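Working through the structure, step by step
The residues making up each chain are set out below.
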Amino acid sequence: MKYIYTIILFILIGLISNCEFENNDNGSQKEIKSLNSKSGSADYNVGYQRYTWTDFSRAEVATTNLFDFRTVVVDIYYPTTWSEGTVSDLKDRLYKCNYLRNDVEQTLAMSLCEDPIRVTARQFAPISTDSTYPVILYNAGWTSDRNDNTRILNHLVKSGYVVVAIGSPYTDGLVYVNGKYAFTKLPGSDNYTQYMDFYMYMIEHPEEVSAFIADRCAVNVEDAAFVIQKLQSINGWLFSNKLDFGNMGYFGFSLGGWTANLALKRIPSIDAAINLDGGIHPEAANAGVYKPYMLITATALNQMNQLNVFGETIPSGLTFIIDGSAHYNYSDLCDSDVIQSYGLCGTIDPVRMSEITTAYVKAFFDKHLKEIDNPILQAPMEGYPEIISFFAK
């Protein structure tokens, strides 16, 4: 029961706006993928590839079809020296947002689709061959989207990382797999259109919900292990053996943060993990993680819980609170005026918020995946007055 109220807190503020911008027209390989371009300078431009992979060793537990195997969608972003592409017009894909049938949810989703957060990345550009690049996996929040932290993702790739954003069907809000849309699956609810009904179910069945959330995180970690295997199998012929699996990180927002600390415990090749305002997975809490770990959060309660649980088992790490932030600020969503109008964001400016999180995410992975130290990891710096309650180890 000690985790139930934390679970309820994070689900209640779970993401209710999703758009899956999938190109299903079998068009040219010159398609351009949109990401955000506001963070940081670039040594590299961004290449992009999308794949749908099926793990035939695992049944899809969210459906009753015996022949439905677990399938994930991955967006792979990597350094390239090819020139930037041009921004594509995504407005003609708005019909996909109509699957979010609840009026409020649809309003939020349509707003994000009409004004997406963008930076250009050239699809199928060759990876730069002047180095090898640490691999970082990313998981989104509950009912969220794998590209909901494009500012951080973009900056990491431009700084010499490969970032793999994993789309987890039935946990993410909307993932297009095998010719159909996979919505978030919740206990007591058949699909996303009944999302609001889940709140009452959660209050009435807290222990079942607690187990359900833990199980979904475990499925996401199994997805991650499968994705690593697939990446290793294509590293030579698609990426010129430039993916460095000896230096791997993991980060996630909200429920993705829960997944990150569980992945740090379960997947031996993950060397360091970052939790963006997510909770603690019970298995990781009980066993400890014993690897570098960072939590950036909006609440003192979450910080104190994780310090109490992980403080003795983490060899190196830090945690801090960003003053004026709220849960949604730990993604790109607060760039949306509509999201802000619903009171889902804190008082901090979204661009400033992104500058802080991007700087610390990069510094943490630089230290633990590239052996590049940065003084901002040791103590609060004058350039970041918004950081409070800073603990480093």
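Report follows, based on the coordinates. Note that the structure is a prediction, hence the values are computed from the model and not measured.

Cut-off values and rules
- Throughout, residues of each chain are indexed from 1 in the direction in which the sequence is written.
- Residues qualify for local features only when their pLDDT is at least 70, as the model is predicted, and side-chain atom pairs are given and counted only at 80 or more; totals for whole chains, interfaces and linings, by contrast, use all residues.
- Side-chain descriptors were evaluated using all non-hydrogen atoms of the structure, hydrogens and water having been removed beforehand.
- Buried residues are those whose accessible area, probed at 1.4 Å on protein chains only, stays under 20% of the maximum for their type, while exposed residues exceed 50% and partly exposed ones sit between those limits.
- Secondary structure elements follow DSSP: runs of H or I no shorter than four residues count as helices, runs of E no shorter than two count as strands, and numbering proceeds from the N terminus.
- Salt bridge criterion: a side-chain nitrogen from Lys or Arg within 4 Å of a carboxyl oxygen from Asp or Glu.
- What qualifies as a polar contact is a pair of N or O atoms within 3.5 Å, subject to a donor-acceptor requirement within protein and to the restriction that residues adjacent in sequence count only when both atoms come from side chains.
- Throughout, nonpolar core names a set of buried Ala, Val, Leu, Ile, Met, Phe, Trp, Tyr and Cys residues whose side chains join them through atoms within 4.5 Å.
- Contact criterion: two residues are considered in contact whenever any of their non-hydrogen atoms come within 4.5 Å of each other.
- The pairing test for Phe, Tyr and Trp rings, Trp by its six-membered ring, is centres within 6.5 Å, and the orientation test on the planes gives stacked under 30 degrees, edge-to-face over 60, and tilted for anything in between.
- To sit over a ring, a charge needs its Lys NZ or Arg CZ within 6 Å of the ring centre and within 35 degrees of the ring normal.
- Working definition: a disulfide is two cysteine sulfur atoms within 2.5 Å of each other.
- We treat two strands as partners when DSSP finds at least two bridges between them.
- Lines fitted to the C-alpha atoms define the axes, with helices restricted to the stretch that makes contact. Angles between their N-to-C directions range from 0 to 180 degrees.
- Throughout this description, any angle smaller than 35 degrees is read as roughly parallel, any larger than 145 degrees as roughly antiparallel, any in the 65 to 115 degree range as roughly perpendicular, and the remainder as oblique.
- In this scheme the crossing of two helices becomes right-handed for a clockwise turn of the near helix relative to the far one and left-handed for an anticlockwise turn of less than a right angle.
- The residue classification treats Ala, Val, Leu, Ile, Met, Phe, Trp, Tyr, Cys and Pro as nonpolar and Asp, Glu, Lys and Arg as charged. All others, Gly included, are polar.

Regarding helix α3 (residues 150-158)
Counting buried positions along α3 gives nine out of nine residues, so the element sits mostly inside the fold. Directly after α3, the chain includes Gly 160, whose backbone phi takes a positive value near 100°.

Concerning the pattern of salt bridges
For the structure shown, the criterion picks out 13 salt bridges. Of the charged contacts in the structure, one is a salt bridge between Arg 58 and Asp 223, with a shortest N-O distance of 2.7 Å. With Arg 58 in strand β2 (residues 45-59) and Asp 223 in helix α5 (residues 206-239), this pair connects stretches of sequence that are 165 residues apart. Neither Arg 58 nor Asp 223 differs from the other in exposure class; each is buried. Ionic pairing is found between Arg 70 and Glu 60, a salt bridge with its closest N-O pair at 2.7 Å. With Arg 70 in strand β3 (residues 69-80) and Glu 60 in the loop between β2 and β3, this pair connects stretches of sequence that are 10 residues apart. Classification of Arg 70 as buried rests on a relative accessible area of 2%. Here Glu 60 falls in the buried class, since its relative accessible area comes to 5%. Look at the salt bridges and you will find they share partners, linking Asp 55, Arg 58, Glu 60, Arg 70, Glu 222 and Asp 223 into a network.

Details of the side chain of Arg 50
Mapped onto the elements, Arg 50 comes out in strand β2. Among the polar contacts listed, one links the side chain of Arg 50 to the side chain of Tyr 48, at a separation of 3.1 Å. Within the local environment of Arg 50, its side chain forms a polar contact with the side chain of Asp 75, the two groups lying 2.7 Å apart.

A word on the nonpolar core
Side chains that are nonpolar tend, in soluble globular proteins, to be buried together. Of all hydrophobic cores here, the largest spans 50 residues; its most connected members are Trp 53, Ile 76, Leu 137, Val 164 and Leu 231. Ignoring sequence-local partners within four residues, the contact set of Ile 76 consists of Gly 47, Tyr 48, Gln 49, Tyr 51, Trp 53, Val 162, Val 163, Val 164, Leu 231 and Phe 239.

Some remarks on the packing of aromatic side chains
As enumerated under the stated definition, the model contains 12 aromatic pairs in all. Judged by centre distance (5.6 Å) and plane angle (10°), the rings of Tyr 51 and Trp 53 are stacked. The burial state of Tyr 51 is the same as that of Trp 53; both residues are buried. In textbook terms, an aromatic cluster arises when at least three aromatic residues are bridged by ring pairs, as seen for Tyr 138, Phe 251, Phe 364 and Phe 365. Lying across the ring of Tyr 161, Lys 370 places its NZ or CZ 4.2 Å from the centre.

Concerning the state of the cysteines
Across all of its chains, the model carries one disulfide by this definition. Sulfur-sulfur distance for the disulfide between Cys 334 and Cys 345 comes to 2.1 Å. Looking down the S-S bond of the Cys 334 and Cys 345 bridge, the torsion is -105°, so its handedness is left-handed. Taken together, the residues span a long stretch of sequence, with Cys 334 in the loop between β12 (317-322) and α9 (337-341) and Cys 345 in the loop between α9 and α10 (350-370) at a distance of 11 residues. Judged on exposure class, the residue Cys 334 and its partner Cys 345 are both buried.

A few points about unusual backbone geometry
With a phi angle near 60°, Ser 254 is a residue other than glycine that sits in the positive phi range. Mapped onto the fold, Ser 254 is located in the loop between β9 (243-253) and α6 (255-266). With phi around 60°, Tyr 290 is a residue other than glycine that occupies positive phi space. Looking at where Tyr 290 falls in the secondary structure, it is placed in the loop between α7 (282-287) and β11 (293-297). Here Tyr 290 falls in the exposed class, since its relative accessible area comes to 54%.

Here we look at the pairing of β3
Within β3, 11 of the 12 residues are buried, which leaves the element mostly enclosed by the surrounding structure. With five bridges connecting them, β3 and strand β6 (residues 162-167) associate as antiparallel partners. Each bridged residue has a counterpart across the sheet, and for Asp 75 the counterpart in β6 is Ala 165.

Observations concerning the packing of α5 against α6
Interaxial distance between α5 and α6 falls to 9 Å at its minimum, and their mutual angle equals 60°. When the axis of α5 is compared with that of α6, the two are oblique. α6 is crossed by α5, and the crossing has right-handed handedness. Counted together, Ile 213, Cys 217, Ala 218, Asn 220 and Val 221 of α5 and Leu 255, Trp 258, Thr 259, Leu 262, Ala 263 and Arg 266 of α6 form the full contact between these two elements. Across the contact of α5 with α6, the residue classes break down as eight nonpolar, two polar and one charged.

Here's the deal with the environment of Tyr 161
One can find Tyr 161 in the loop between α3 and β6. Accessibility expressed as a relative area gives 0% for Tyr 161, which makes it buried. Sequence spacing of Tyr 161 and Leu 243 is 82 residues, and the spatial spacing of their C-alpha atoms is 8.8 Å. With residues near it in sequence (within four places) discarded, Tyr 161 still touches Tyr 77, Tyr 78, Pro 79, Tyr 133, Pro 134, Ile 136, Leu 156, Lys 362, Phe 365, Asp 366, Leu 369 and Lys 370. At 3.3 Å, the side chain of Tyr 161 and the backbone oxygen of Phe 365 are in polar contact. Only 2.5 Å separates the side chain of Tyr 161 from the side chain of Asp 366, close enough to count as a polar contact.

So, the side chain of Thr 259
With respect to the helices, strands and loops of the structure, Thr 259 is situated in helix α6. Residues in contact with Thr 259, not counting those within four places in the same chain, are Asn 139, Cys 217, Asn 220, Val 221 and Tyr 250.

Keep in mind these values describe shape, not function.
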